[in-house]
Amino acid sequence: MSTHGKPQGLEHELWVPAEDDYHGHPNYLKVYIYLLILFAITVFASLIPNPMIVFIVVFSISIIKASMVILNFMHLKWEPNIIWYMLLLALIALAFLFLGLYPDTVPIERFFVPNG
Amino acid sequence: MNTTSLSKIAWNRIPQARFAMWTLIAGEFVIFGGLIVVYLLNRMKYPGWGEMAMHTNVVAGTINTFVLLTSSFFVVKAHEAAVKKNVEKVKFWIWLTILCALIFLGIKAYEYTHEIHLGFTLSSPALLEQGKHVETLYWALYYTMTGLHGLHVVGGALALFFVMRNVAKTKSYFHRIEAAGLYWHMVDIIWIFLFPLIYLIH
Amino acid sequence: MTMSTTHENKGFWHRFFFSLDHKDIGLQYLITTMFIAFFAGIFAMVFRIHLAFPDYHIPLFGIIDAKEYNILVTNHGLIMVLWLSMGILLATAGNYLIPTMLGTDDMAFPKLNKLSYWFFLLSVIILIISFFLPQKGFGGGWTLYPPLSVGDFGYNTPYKTFSDRFFSSNTFVLLAIALEFVALLMGGINFMVTLFNKRAKGMGLLQVPLLVWMIVIASILFMFSVGPLVAGTFMLLLDINAGTGFYDASRGGDPLLWEHLFWFFGHPEVYVILLPGLGILAEVITTNARKTLFGYKFILVLVLIATVLSLMVWAHHQFVAGVDPRAATVFGILTIIISLPFAGVILSFLATLWKSNLRLTLPMKWAMSAIVLFTILGGFTGLHLGAALFDMYAHDTSFVVAHFHYTLIPVVIFAGMAGFYHWFNKFSGRELNQFLGNLHFWLTFIFFNGFGIPLFLLGLAGQPRRYAGYDHIPYLSEGYLPLLREIATISAVILVLSQFIFIFNFIWSVYKGKKVTSNNPWQSTTLEWQTSSPPPHGNFEVYPVVYHGPYEYNRPGVDKDFLPQNQKI
C-alpha cells in the first residue's frame, strides 16, 4: 500500500511513505482572512492619485501576499532547505535578468516607424 | 499534531512528488517572471501604457482575484482532508476549487470578448491606424500573459480533477493532492502579481 | 537488438514504444541524436567546401547560392548546439549512467522519462519537416534574431495568409526548439529528484560520482535559465503568426529584447554543455590514472560558484549591439572572472594526473586531448573575447567561430568520445575495435586542429563569419588567406569523414565485436562497473551498499590498485 512496490533492497529509498510525511501547519482560515484584508487594502490603495506611491504600495503588498501563500499554504516554512535554495536561485536569475535588461531597454529610444 | 516536517530533519530529504513539483514551480516562476520583467520594463518606458491599462475591466479583475484567493484556500483545505485520509472531504474541497477555476475562466472569457469588441487584440489593427503603435504592444503582452496564465489555470484544474478521481477510486495516493495543490498555488501567486500590474497601476 | 537484454524479450518495436527502462531510453536518445547530428555534419562539409571552392559542384547539392548557404550554416549551428550537445551529454549520459552509478533500479519517474523522449523525438521530426516547407529551412542564423526571423525577408515565398506564416520553416524551427526545451526540462526534473532520493544505501551526497553531480547541476542551470527564453520564443512565435510587435521597433517593441532573452539562456547553455563533459573527464581520468580525484569538494564548490556567475555574463555576446558601455564593462569583468572556477576544475584534473599511474588507453587519449584543446585554445581565446575592446574587433569574425569550436568540440566530441569508448563495453557487452578507434582518434585530433587554427588566423585577418563567400572582398582574397581557407575546408571535410570510421566501428562492434570477458575491464571503482555488461533490467541482481567514496584507487591497505565502491576494505 504505502511502499507501492519497491524492489527488494531499495526500501531505504522510500525512507518514509509520502502520505505520512506531514508537516506542521498554520491556521488556514486565519491566513486566508489576512490575505483578503491585504487584497482589500490593495484595491483601495490603487485609488491614490500618485502613481509612484500606488506602484510601490501595491507591489509591496503583492510580495507580502505571495509570501504568505508560499510560506503557509504551500508549507514552505516546513520544507527542507533545498527547496529554499532552489527558489532563491530562481529569484537571483530573475533579478539579474531585470538588472541586465534595464539599461538597455528603459533609457533608450528605439521607436522607429519606417516611411510609408 | 506534528509541528516539524519529518523531511525537515535532513536538508535534502523530501518525498519525490513534492520535490518534482517544487522544481517545476521554480522553473515556471522564471518563465512568468521573464514575461513580468518584460512588462515592467516596457511599463517604465512608455507612459502611454498607463492609458491602455485604464481599458482593462478592474471589477472583473478584482472578482477574479478574490475567486483565485478563495480557491487557494479551498485547495489547502483539501490537503488538510487528505492528510486525515478523508476521501469524501477531499472530493468536496477539490470540486469547490474546480468550480472557482471555471468561474475565473468564465469571467476572463467575458473580459476578452469585451476587449476584442473594443478593438484591442493581439495585433490591434485599429490602434495602429490611429497611430498608437506603442500601445499595441501593451495589448499583445496583456493577452500573452493572461492567456498563458489561463492555460495554466486549465492545466491545474485538470490535474486536480484527475488526482481527485484517482484518490477517490483507489483510496490511497493522498500525497498527490498536496502536489497538485502546490501547482494550483503557483497559479494563484502568478495572478497575485499580474492583477495589480495589469489592472491597478495607471 | 543485441545491445541490452531484458528479462522479457518482447521484440524491437515493443521495446521502442513501451520500454520504461532508463537504459533503453538512453540508447534511444543516443541513436536519435547521432541521426540528426549526421545531417549537421554533412551541412558543415557542404558549406565549408563552398567557402573555399565556390565553383566546385558538390555532389547532391550542386553549387550553393547565398540562401542555401545561410540555411546550411544556421541548421548546422542549431542542431549541434541544441540537439547534439545536450542530447549526448545530458540525455544519453544522464539517462544511462545516473541510475546505474547511483546503485538504483531506474529513474525517479520512469514514465515521465519516456514522455520526455517522445517530446525529443517529436522535436527532431518537426525540425526535419522544416526542411521540406516552402522556405526549405530557416536561414536566419542559429541565434534567430528578429526582425530577420520574423518576416519573410529574402525568401521567395512571401507571407500572405496565416497558413503561410504557420507552415513556414521559421515557425517550425521555433516549435522544434520549444518541444526540445520541454523534453529537457522534464528530464532535468527527473535527474535532480533521482540524485536526491534514489541513492544506494550508504551513499551520501559527497560519495556520488562527479559525473552525476555535474549532470544534475547542469540540468538545474538549464531549468533556471531557459524560462525567459521560453517566454521569448512564445513572443517570437506570436510575432510571426499573430501580428504582435514584441520585437518590432515600429510598435514600441525592441529587437534587442530578443538578443537579451536569448543570450540570458544562451550563455548558461554553454555551461550546461560543459559541466557533463567535465564530469565524463573526471570519470575517465580517475579510472585511467589509477588515482583518486583531487579536490572533489573543491570542484563542487567551484562549479556551484560558476553556475551562479554564469547567469550574470550573457551580454558579452552583445558588446557590439549598442549596449551601454558601463554595462559592457561589468559584463566583461564578470566574464573574465568566470574563467577562474573552471581553471580551478582543470587544475584539479591536472593534480589528479600528477604522479599518477597513467594508462594511456583510448578513452584517456580522448580525455587528455579534450583538456589540452579546451583549456589552451578554447579557454584562453575566451579571455580575449571577454575583453570588450578586443571583442569589438573580433566579433562576428572567424576568430569567434574558432573559439567556440575549440570550446564545444573538445567538450562534446572529445570528452563525449572518451565517455563513449569508456562505457561502450558496459552498454553493449562487447569491445570496440582498437585499431579503428585509434585511427578515428588521430584523424579527428589532427584534422580538427587543421580546421581550427587557420580559422583563428583568418579571424584575426578580419574575415567575417556568416558570409556566403569572400571572392568579392579584395583584402580577403590575397596573400595566403585563400590558402588558409582551403586548409580549413579540407581538414573539416576529412574531420567529418573520419567520424564515419567511428560509426562503422560502433555498428560493427555492437553485432560482431569481441565479447568482454569481465564486467569491469577498466578496473574502475564506480557502481556501474560492479554489475553485468549490459546491466540487467533493474540494473543489479543484488542492490549494492556503499562504504566509501567513488574514486578509491591505490588505497593503502588494499592489495588491488582499486577498491570498488560497494566493497568493504
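In this convention, every chain numbers its residues from 1, walking through the sequence in written order. Naming scheme: in the order in which they are written, chains are lettered from A and ligands are numbered from 1. Totals for whole chains, interfaces and linings use all residues, but because this is a predicted model, local features are given only for residues with pLDDT of at least 70 and pairs of side-chain atoms are given and counted only at 80 or more.

## Quick word on the overall build of chain B
Turning to step 1, where the next piece is worked out: Strands are runs of DSSP state E lasting at least two residues, helices are runs of H or I lasting at least four, and both sets are numbered from the N terminus onward. Counting its secondary structure elements, chain B contains 7 helices and 0 strands.
Turning to step 2, where the next piece is worked out: Secondary structure elements of chain B, listed N to C terminal, follow the sequence α-α-α-α-α-α-α.
Turning to step 3, where the next piece is worked out: Based on the C-alpha atoms only, the size of chain B along its principal axes is roughly 60 × 35 × 25 Å.
Turning to step 4, where the next piece is worked out: Exposure is read from a count of other C-beta atoms within 10 Å of each residue's own; the residue is exposed at 12 or fewer, buried at 20 or more and partly exposed in between. C-beta atoms are placed from the backbone. Looking at chain B as a whole, 53% of its 202 residues qualify as buried.
Turning to step 5, where the next piece is worked out: Note on contacts: each residue gets a C-beta atom placed from the backbone, and two residues are in contact if those atoms are within 7 Å. Look at the contacts in chain B between residues 6 or more apart in sequence, and 74% of them connect residues 24 or more apart.

## Some details on the overall build of chain C
Turning to step 1, where the next piece is worked out: Looking only at helices and strands, chain C has 15 helices and 0 strands in total.
Turning to step 2, where the next piece is worked out: Sorting the 569 residues of chain C into buried and exposed places 57% on the buried side.
Turning to step 3, where the next piece is worked out: A fraction of 84% describes how many contacts in chain C between residues 6 or more apart in sequence connect residues 24 or more apart.

## Concerning helix 6 (residues 169–197) of chain C
Turning to step 1, where the next piece is worked out: The span expected for a helix works out to 1.5 Å for each residue beyond the first. Here helix 6 of chain C is 29 residues long and its end C-alpha atoms lie 42 Å apart, about the 42 Å a rise of 1.5 Å per residue gives.
Turning to step 2, where the next piece is worked out: Across the 29 residues of helix 6 of chain C, 25 count as buried, placing the element largely inside the fold.

## Brief notes about the interface of chain A and chain C
Turning to step 1, where the next piece is worked out: Each partner contributes residues to the interface: chain A has 21 residues there, and chain C has 27 residues.
Turning to step 2, where the next piece is worked out: Ten residue types, Ala, Val, Leu, Ile, Met, Phe, Trp, Tyr, Cys and Pro, are classed as nonpolar, four, Asp, Glu, Lys and Arg, as charged, and the remainder, Gly among them, as polar. When grouped by side-chain class, the residues that make up the side of chain A that touches chain C number 14 nonpolar, 4 polar and 3 charged.

## Observations regarding unusual backbone geometry
Residue and element names in this part refer to chain C.
Turning to step 1, where the next piece is worked out: For the bond running from Pro146 to Pro147, omega is -10°, close enough to zero to count as cis.
Turning to step 2, where the next piece is worked out: Note on placement: Pro147 falls in the loop between helix 4 (110–130) and helix 5 (162–166).
Turning to step 3, where the next piece is worked out: Geometrically, the link from Ser533 to Pro534 is a cis peptide bond, its omega value of -10° lying close to zero.
Turning to step 4, where the next piece is worked out: Looking at where Pro534 falls in the secondary structure, it is placed in the segment after helix 15 (481–512).
Turning to step 5, where the next piece is worked out: The backbone phi angle of Lys355 is positive, close to 55°, even though this residue is not glycine.

## Some words on helix 1 (residues 28–45) of chain A
Side chains three or four residues apart in an α-helix point the same way, a direct result of the helix having 3.6 residues per turn.
Turning to step 1, where the next piece is worked out: Taking 1.5 Å of rise per residue, the 18 residues of helix 1 of chain A would be expected to cover 26 Å, and the 26 Å separating its terminal C-alpha atoms lies within 8% of that figure.
Turning to step 2, where the next piece is worked out: Packing partners of the buried residues in helix 1 of chain A comprise helix 2 (51–73) of chain A together with helix 3 (58–83) and helix 7 (175–200) of chain B.

## Looking at the nonpolar core
Turning to step 1, where the next piece is worked out: As used throughout, a nonpolar core is a set of buried Ala, Val, Leu, Ile, Met, Phe, Trp, Tyr and Cys residues joined through C-beta atoms within 7 Å of each other. The biggest cluster of nonpolar side chains holds 269 residues, and the ones touching the most others in it are Val212, Ile215, Leu281, Ala367, Ala370 and Ala418 of chain C.
Turning to step 2, where the next piece is worked out: Both domains that furnish three or more residues to this core are identified here as domain 1 (23–74) and domain 2 (80–107) of chain A.
Turning to step 3, where the next piece is worked out: Other than its neighbours up to four places away in sequence, Ala370 of chain C contacts Leu281, Pro410, Val411, Phe414, Ala415 and Ala418 of chain C. What counts as a domain boundary in this text is fixed by an automatic or database domain assignment.

## Some points on the interface of chain B and chain A
Turning to step 1, where the next piece is worked out: Between chain B and chain A, the contact holds 50 residues from the first and 48 residues from the second.
Turning to step 2, where the next piece is worked out: Residue assignment for the side of chain B that touches chain A shows that the elements contributing at least two residues are helix 1 (16–45), helix 3, helix 6 (133–170) and helix 7 of chain B.
Turning to step 3, where the next piece is worked out: Per-element accounting of the side of chain B that touches chain A gives the leading share, 12 residues, to helix 1 of chain B.
Turning to step 4, where the next piece is worked out: Class assignment for the residues of the side of chain B that touches chain A results in 27 nonpolar, 17 polar and 6 charged.

## So, the packing of helix 8 (residues 255–289) of chain C against helix 10 (residues 325–353) of chain C
Residue and element names in this part refer to chain C.
Turning to step 1, where the next piece is worked out: Angles here are taken between N-to-C directions and fall from 0 to 180 degrees, while the axes themselves are lines fitted to C-alpha atoms, restricted in helices to the stretch in contact. At a minimum axis separation of 10 Å, helix 8 and helix 10 run at an interaxial angle of 10°. In terms of axis orientation, helix 8 runs roughly parallel to helix 10. Across the interface between the two elements, Leu278, Leu281, Ile285, Thr286 and Ala289 from helix 8 touch Val345, Phe349, Thr352 and Leu353 from helix 10. For classification purposes, an angle smaller than 35 degrees is called roughly parallel, one larger than 145 roughly antiparallel, one from 65 to 115 roughly perpendicular, and anything else oblique.

## What to know about the environment of Ile177 of chain C
Residues and elements named next belong to chain C.
Turning to step 1, where the next piece is worked out: As for its placement among the helices and strands, Ile177 is situated in helix 6.
Turning to step 2, where the next piece is worked out: Residue classification places Ile177 among the buried positions, given that 22 C-beta atoms sit within 10 Å.
Turning to step 3, where the next piece is worked out: Taking C-alpha positions, Ile177 is 12 Å from Met86, a pair spaced 91 residues apart along the chain.
Turning to step 4, where the next piece is worked out: Setting aside residues no more than four positions away along its own chain, Ile177 makes contact with Leu82 and Thr233.

## Thoughts on the environment of Asn241 of chain C
Residue and element names in this part refer to chain C.
Turning to step 1, where the next piece is worked out: Secondary-structure assignment places Asn241 in helix 7 (residues 210–241).
Turning to step 2, where the next piece is worked out: For Asn241, a count of 19 C-beta atoms within 10 Å translates into the label partly exposed.
Turning to step 3, where the next piece is worked out: With 58 residues separating them along the chain, Asn241 and Ile299 place their C-alpha atoms 46 Å apart.
Turning to step 4, where the next piece is worked out: Each residue touching Asn241, except ones within four places of it in the same chain, is listed here: Phe162, Arg165, Phe166 and Thr171.

## Some points on the confidence of the model for chain C
Close inspection of predicted coordinates is inappropriate in any region flagged by low pLDDT.
Residue and element names in this part refer to chain C.
Turning to step 1, where the next piece is worked out: A score between 0 and 100, pLDDT records how confident the predictor is in each residue. For chain C, per-residue confidence averages 92 on the pLDDT scale, and 98% of positions sit at 70 or higher.
Turning to step 2, where the next piece is worked out: This stretch, residues 1–7, has a pLDDT under 50; its non-local contacts, to residues over four places away or in other chains, come to 17 contacts.
Turning to step 3, where the next piece is worked out: Predicted complex metrics record ipTM = 0.87 and pTM = 0.92.

## As for the packing of helix 14 (residues 434–460) of chain C against helix 15 of chain C
All names here are of chain C.
Turning to step 1, where the next piece is worked out: At a minimum axis distance of 8 Å, the contact between helix 14 and helix 15 shows a crossing angle of 155°. With respect to helix 15, the axis of helix 14 lies roughly antiparallel. Of the two elements, helix 14 crosses helix 15, and the hand of that crossing is left-handed.
Turning to step 2, where the next piece is worked out: Along the lines of polarity and charge, the residues of the contact of helix 14 with helix 15 split into 19 nonpolar, 7 polar and 1 charged. Two helices crossing with the near one rotated counterclockwise from the far one by less than a right angle form a left-handed crossing, whereas a clockwise rotation gives a right-handed crossing.

## Focus: the environment of Leu60 of chain C
Residue and element names in this part refer to chain C.
Turning to step 1, where the next piece is worked out: If you trace the backbone, Leu60 turns up in the loop between helix 2 (22–52) and helix 3 (66–102).
Turning to step 2, where the next piece is worked out: The class for Leu60 is exposed, based on 6 C-beta atoms found within 10 Å.
Turning to step 3, where the next piece is worked out: Note: C-alpha distance between Leu60 and Leu229 (169 residues apart in sequence) is 36 Å.

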